[in-house]
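# Geometric and topological summary
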Amino acid sequence: PELIEGVRSNHWKPNLFVQASEAFVTAGVNRDVDDTAPVQDVILGTTIYGTGRTVGKLSAALRPDADRAVIEIRLAATNSSNNVGYNGPVIIYSQGSTSIDASKQLWVDSTGVYAEPAKAVCQANSQITDIGAKRKLIERIAWRRAAKQKAEAEWIASRHAEERVAERMDAESQELLKKANEALVEKFRKPLLRKGAPPKVLQFSTTESALFFT
């Protein structure tokens with residue numbers, strides 16, 4: 001045993017080298033997005049209901065890192081919505097268009113697969129198509145107020161959209177992370193540990209075009 005240990009400690013070499021292309025690593029992520037969902041929000045005291053359709057692309061790319069494998073998932077899309085808002089006696093009809101640029105980074109090292117919180121940048125634009133009230137005076141006042149508050153309302157809507165998009169990306173990635181960790185732990189690490197042969201080196205890295213595993 002002493003001789004074997006001495007030989008192993010002085011002459012060991014990595015014996016498995018894997019290189020996977022970016023296309024192979026990201027094949028299960030890249031897809032078109034076309035999703036319709038209800039809209040509900042409160043902006044400047046106006047309760048808004050509607051339906052929004054998000055159209056765009058979900059894609060993934062490798063990011064260079066010498067110490068771990070880094071994969072960035074990105075959503076580039078536009079959400080179009082038709083909305084009805086209620087503020088006291090006033091009903092506001094509007095159409096909205098929100099650009100979405102969101103990303104989430106995953107990384108893999110010797111201990112597992114992890115992710116940082118998603119980040120999103122959104123820009124909301126809205127157009128009021130009609131305002132209704134029982135009295136014409138109230139309608140005129142509502143139109144003037146809506147025009148003055150338009151920029152502020154769009155800023156708030158943009159921040160709310162960023163929160164919703166980031167939360168959804170985080171929620172939808174949970175199953176992906178769970179399956180990836182199960183594959184690494186259950187199918188790779190545990191069988192080696194049961195055989196008394198844990199890897200001396202378990203190293204991941206990425207370039208812009210490939211993932212490497214030693």
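Conventions adopted
Residues numbered from 1 in each chain as written. Predicted model: local features only at pLDDT ≥ 70, side-chain atom pairs only at ≥ 80, totals over all residues. Heavy atoms only, no water. Helix = DSSP H or I, 4+ residues; strand = E, 2+ residues; numbered from the N terminus. Rg over C-alpha atoms; globule rule 2.2 N^0.38 Å. Contact = heavy atoms within 4.5 Å. Areas by Shrake-Rupley, 256 points an atom, 1.4 Å probe, with all protein chains shown as cover. Lys, Arg positive; Asp, Glu negative; His and termini not counted. Charge placed at Lys NZ, Arg CZ, Asp CG, Glu CD. Pairing = 2+ DSSP bridges. Salt bridge = Lys/Arg side-chain N within 4 Å of Asp/Glu carboxyl O. Axes fitted to C-alpha atoms, helices over the stretch in contact; angles between N-to-C directions. 1 Å grid on protein atoms, 1.4 Å probe; cavity = no way out; pocket = protein on both sides within 12 Å on 5 of 7 lines; lining within 4 Å. Points joined across faces, edges and corners; volume = space filled by probe spheres on them. Nonpolar A, V, L, I, M, F, W, Y, C, P; charged D, E, K, R; others polar. Patch = residues over 30% accessible without salt bridge, like charges linked within 9 Å, V, L, I, M, F, W, Y side chains within 5 Å. Buried < 20%, exposed > 50% of the residue type's maximum accessible area, 1.4 Å probe, protein only. Core = buried A, V, L, I, M, F, W, Y, C linked by side-chain atoms within 4.5 Å. Phe/Tyr/Trp six-rings, centres within 6.5 Å; stacked < 30°, edge-to-face > 60°. Lys NZ or Arg CZ within 6 Å of the ring centre and 35° of its normal.

Each helix and strand counted, the protein has three helices and nine strands in total. When its helices and strands are written in sequence order, the protein yields α-β-α-β-β-β-β-β-β-α-β-β. For the protein, whose C-alpha radius of gyration is 26 Å, the value lies well above the compact-globule estimate of 17 Å for 214 residues. Viewed in the frame of its principal axes, the protein has a C-alpha envelope of about 95 × 30 × 25 Å. By sequence separation, contacts in the protein at least 24 residues apart represent 64% of the contacts at least 6 residues apart. Surface accessibility of the protein: about 13900 Å² in total, with carbon and sulfur atoms responsible for 54%. Side chains of the protein give 29 positive and 26 negative charges; the mean places of these two sets differ by 4 Å.

Strand direction decides the pairing type here: strand β1 (residues 18-21) and strand β9 (residues 210-213), joined by four bridges, are antiparallel. If you follow V18 over to β9, its bridge partner there is F213. Taken together, the three bridges between strand β8 (residues 204-206) and β9 define a ladder with antiparallel strand orientation. Its bridge partner lying in β9, T206 is registered against L211. Taking the residues between adjacent antiparallel strands as the criterion, β8 and β9 are bridged by three residues.

Under the counting rule described, the total for this entry stands at 13 salt bridges. Within the structure, one salt-bridge network assembled from shared partners comprises R63, E72, R74 and D101.

All right, on to the sheet that holds β9 then. Across the sheet, which stays open at both edges, the three strands sit in the order β1-β9-β8 with antiparallel pairing between neighbours. Two strands close off the open sheet at either side, each with one partner strand: β1 and β8. Direction aside, the axes of adjacent strands within the sheet are offset by 20° on average.

Our focus in this paragraph is the layout of surface pockets. By volume, the second largest pocket amounts to about 420 Å³. Every residue lining the second largest pocket is counted, 18 residues in all, and those nearest its centre are N15, P198, P199, K200 and V201. When residues of the lining of the second largest pocket are traced back to their parent elements, those giving at least two are α1 (2-11) and α3 (136-194). Among the elements that take part in the lining of the second largest pocket, α1 stands out by supplying three residues, more than any other. Across the lining of the second largest pocket, the residue classes break down as eleven nonpolar, three polar and four charged.

Let us now look at a positive patch on the surface. Together, K136, R140, R144, R145 and K148 give the surface a local cluster of positive charge. Within the element layout of this structure, R145 appears in helix α3. A residue is classified by how much of its surface remains accessible, and R145, at 54% relative accessible area, is exposed.

Attention shifts here to the nonpolar core. Counting 28 residues, the largest nonpolar core has L58, I73, L75, I100, A102, V165 and F204 as its most contacted members. Elements represented by at least two residues in this core include exactly β3 (46-63), β4 (69-87), β5 (90-109), β7 (119-132), α3 and β9. In terms of residues, this core owes the most to one element, α3, which gives six residues.

This part is about the packing of aromatic side chains. Each aromatic ring pair is specified by the distance between its two centres and by the angle formed by the two planes. All told, the structure shown has four aromatic pairs when counted by the stated rule. Chaining the aromatic ring pairs together yields one cluster made of F188, F204 and F213. For R68, the ring lying beneath its charged end belongs to W107, and the centroid distance is 4.5 Å. When the ring centre of W155 is taken as reference, the NZ or CZ atom of R159 above it lies at 5.1 Å.

These values are about where atoms sit, not about what they do.
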